[in-house]
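Chain residues, written in single-letter form:
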Amino acid sequence: MFVSQKCYQNVLNVILIASLATSFVLVQPGYSTIITSNNGSNTSNNNLDISKEVFVVDYANIRIQKFDTDGKFITKWGTEGDAKGQFKIPHSVAVDSSGIVYVTDMIDLSVKKFTGDGKFIAKWGSKGSGDGEFRHPHGIAIDSSGSVYVTDMTNLNIQKFTSDGKFITSWGSKGDGNGKFMAPEGIAADPFGNIFVSDTANNNIQKFTSDGKFITKWGTEGDAKGQLNSPAGIDVDSSGNLYVADDGNSRIQKFTNNGDFVTMWGSKGSKNGQLDRPHDIDIDSSGNNDVYVAEQGNFQIQKFTSDGKFITKWGTEGSDDNQFQDPHSVAVY
């Protein structure tokens, strides 16, 4: 059973509609998403329209922009400053199962938490190398239990928190061995309780348990299949396949959960399906695994199928609505 809902809408009531002995649909008015079951499979994407939202960190414009999945602008928030809800430099974004938005601020050295329409909730973090402290917070991910994981490019570690910022654990140190990092950038949690980290300097992906025990790694520097050149954002689909924004190679690579190469797409350019500095990636794992890519070089978001077929794109260079000055991170809910 798949469950997804927007936390900022009111629940009016619940209607249960029985259709077959092995199938039912649960509709929640006031919500744009459906809970559906059919012998354990999620069929909502085939039967019913699902309204979803895409959040983009507009790095140099110091704001978050929110769109529908076709690229229609919905709203934005953020200005430069250190007051509640302001940013110094927003870096990465993640959204939990209730639609709460988490943003790392690499200059304010914090994680900031908002509602889906941009209302500030809380923040945590301060300068340092101790538990709950940051020196360069970058990537952020949220697992199925709501725990929050943050990569730190200067402390060279991963920190794990509760959803309200209480420190749980950390792991990592400088190096190129198992469980060590030179530049931990992207981070993702799969449906099975595993955590993946991309290292832009070691040109690899490492896989861990949710408490930081090393499992495996893959990747070497290069442009052949399965090789990487400054891998940045990563994400996992509903089957556990891992997608990598292979920034330096201007392409997306797809791997199995244990690192076997599956496919890749993209080449440097500005035409549909071409990429220029793809820095982050997010998968609509609750739908049909559509892939959203944030491109720094082309100032846009591109949307693909899970095997790399181009669907649509939006964005141009600038500071108006639906424009970007470095779209740095993307998250779909």
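Reading the values: the criteria
- Residues numbered from 1 in each chain as written.
- Predicted model: local features only at pLDDT ≥ 70, side-chain atom pairs only at ≥ 80, totals over all residues.
- Heavy atoms only, no water.
- Helix = DSSP H or I, 4+ residues; strand = E, 2+ residues; numbered from the N terminus.
- Buried < 20%, exposed > 50% of the residue type's maximum accessible area, 1.4 Å probe, protein only.
- Polar contact = N/O pair within 3.5 Å; in protein donor to acceptor, adjacent residues only side chain to side chain.
- Contact = heavy atoms within 4.5 Å.
- Phe/Tyr/Trp six-rings, centres within 6.5 Å; stacked < 30°, edge-to-face > 60°.
- Pairing = 2+ DSSP bridges.
- Salt bridge = Lys/Arg side-chain N within 4 Å of Asp/Glu carboxyl O.
- Axes fitted to C-alpha atoms, helices over the stretch in contact; angles between N-to-C directions.

S.K.: I keep staring at the side chain of Ser92 and nothing clicks. Help me out?
M.R.: Of note, Ser92 is situated in strand β7 (residues 90-95). A relative accessible area of 7% places Ser92 in the buried class. Here His91 takes part through its side chain, which lies 2.8 Å from a polar atom of the side chain of Ser92. The contacts of Ser92, once residues within four sequence positions are left out, are Val57, Tyr102, Val103, Thr104, His138, Gly139, Ile140 and Ser329.

S.K.: What is the right way to read the packing of aromatic side chains from this model?
M.R.: Each pair of aromatic rings is reported with the distance of its centres and the angle of its planes. Summed over all chains, the structure comprises 20 aromatic pairs. Centroid distance Phe55 to Trp77: 6.3 Å. Interplanar angle 65 degrees. Geometry classified as edge-to-face. Placement of Phe55 in strand β4 (residues 53-58) and of Trp77 in strand β6 (residues 73-77) is noted, with a sequence separation of 22 residues between them. Across this residue pair, the class does not change: Phe55 and Trp77 are buried. These aromatic residues form a ring-pair network of at least three members: Phe55, Trp77, Phe87, Phe114 and Phe120.

S.K.: For this particular structure, what's the right way to read the pairing of strand β19 (residues 204-209)?
M.R.: For a regular strand, the rule is simple: side chains alternate between the two faces of the sheet. Counting buried positions over the six residues of β19 gives five, a clear majority of the element. Looking at chain direction, strand β18 (residues 194-199) and β19 are connected through six bridges and run antiparallel. Pairing of Asp199 across the sheet is with Asn204, part of β19. In this structure, the hairpin formed by β18 and β19 is closed by a connection of four residues, where Asn203 is found at a positive phi of approximately 55 degrees. In this sheet, strand β20 (residues 214-218) lies alongside β19 in antiparallel orientation, the contact comprising four bridges. Opposite Gln206, over in β20, you have Lys217 as the bridge partner. Counted along the chain from β19 to the antiparallel partner β20, the turn is four residues long, and its residue Gly212 has a positive phi close to 95 degrees.

S.K.: I keep staring at the pattern of salt bridges and nothing clicks. Help me out?
M.R.: Pairs can form between side chains of opposite charge whenever their charged atoms are close. Following the criterion strictly, the structure yields 13 salt bridges and no others. It is possible to trace a salt-bridge network through shared partners that takes in Asp105, Asp108, Lys112 and Lys123.

S.K.: I'm lost on the sheet that holds β19 in this one. Help?
M.R.: Sheets are built from strands that pair by backbone hydrogen bonding, the pairs being arranged parallel or antiparallel. With antiparallel pairing, the four strands of this open sheet are ordered in space as β17-β18-β19-β20. Strands at the two margins of the open sheet, each flanked by one partner only, are β17 (184-189) and β20. The mean inter-strand angle of the sheet, taken between neighbouring strand axes irrespective of direction, is 20 degrees.

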